[in-house]
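# Chains, contacts and geometry: an overview
Each chain, letter by letter, is given below.
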Amino acid sequence: MDRFGLADWPEVMAVLASSGPAEVIRRVRQAEARHAVAPDDATIAHCTDFGAA
């Protein structure tokens, strides 16, 4: 998202927390389409609850 100026890292983390990784990928895909950039592989690992065992 930073490549297209869509969000900074705190904003990306907020989107992940509120809407999940699919929303981040959706926003990037929209930006790629607007800028005529071919889509590439997309993977997001959003790990939470490291302290819970």
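These numbers were taken from a predicted model, which means no experiment stands behind them.

## A few points about the overall build of the chain
When its secondary structure is counted, the chain shows two helices and zero strands. In summary, the chain has a C-alpha radius of gyration of 13 Å against a globular reference of 10 Å for 53 residues, an excess of more than 25%. The dimensions of the chain, computed from C-alpha atoms along their principal axes, are 45 × 20 × 15 Å. Here the chain holds 53 residues, and the buried ones make up 23% of them. Sequence separation of at least 24 residues holds for 39% of the intrachain contacts in the chain that already meet a minimum separation of 6. Summed over all atoms, the accessible surface of the chain reaches about 4000 Å², with 54% contributed by carbon and sulfur. Positive and negative charge centroids in the chain, built from 5 and 8 side chains respectively, lie 8 Å apart.

## Some details on the pattern of salt bridges
Under the definition given, this model contains three salt bridges. Its salt-bridge partner being Glu23, residue Arg27 comes within 2.8 Å of it at the nearest N-O pair. Placement of the pair is Arg27 and Glu23 together in helix α2 (residues 21–34), with a separation of four residues, close to one helical turn. Assessed through its relative accessible area of 30%, Arg27 is described here as partly exposed. Where Arg29 meets Glu32, a salt bridge forms, and the shortest distance between an N and an O atom there is 2.9 Å. Of this pair, Arg29 and Glu32 are both found in helix α2, three residues apart, which corresponds to roughly one turn of the helix. Assessed through its relative accessible area of 29%, Arg29 is described here as partly exposed. Salt bridges linked by common partners bring Glu23, Arg26 and Arg27 together as one network.

Definitions and cut-offs
- Residues numbered from 1 in each chain as written.
- Predicted model: local features only at pLDDT ≥ 70, side-chain atom pairs only at ≥ 80, totals over all residues.
- Heavy atoms only, no water.
- Helix = DSSP H or I, 4+ residues; strand = E, 2+ residues; numbered from the N terminus.
- Rg over C-alpha atoms; globule rule 2.2 N^0.38 Å.
- Buried < 20%, exposed > 50% of the residue type's maximum accessible area, 1.4 Å probe, protein only.
- Contact = heavy atoms within 4.5 Å.
- Areas by Shrake-Rupley, 256 points an atom, 1.4 Å probe, with all protein chains shown as cover.
- Lys, Arg positive; Asp, Glu negative; His and termini not counted.
- Charge placed at Lys NZ, Arg CZ, Asp CG, Glu CD.
- Salt bridge = Lys/Arg side-chain N within 4 Å of Asp/Glu carboxyl O.

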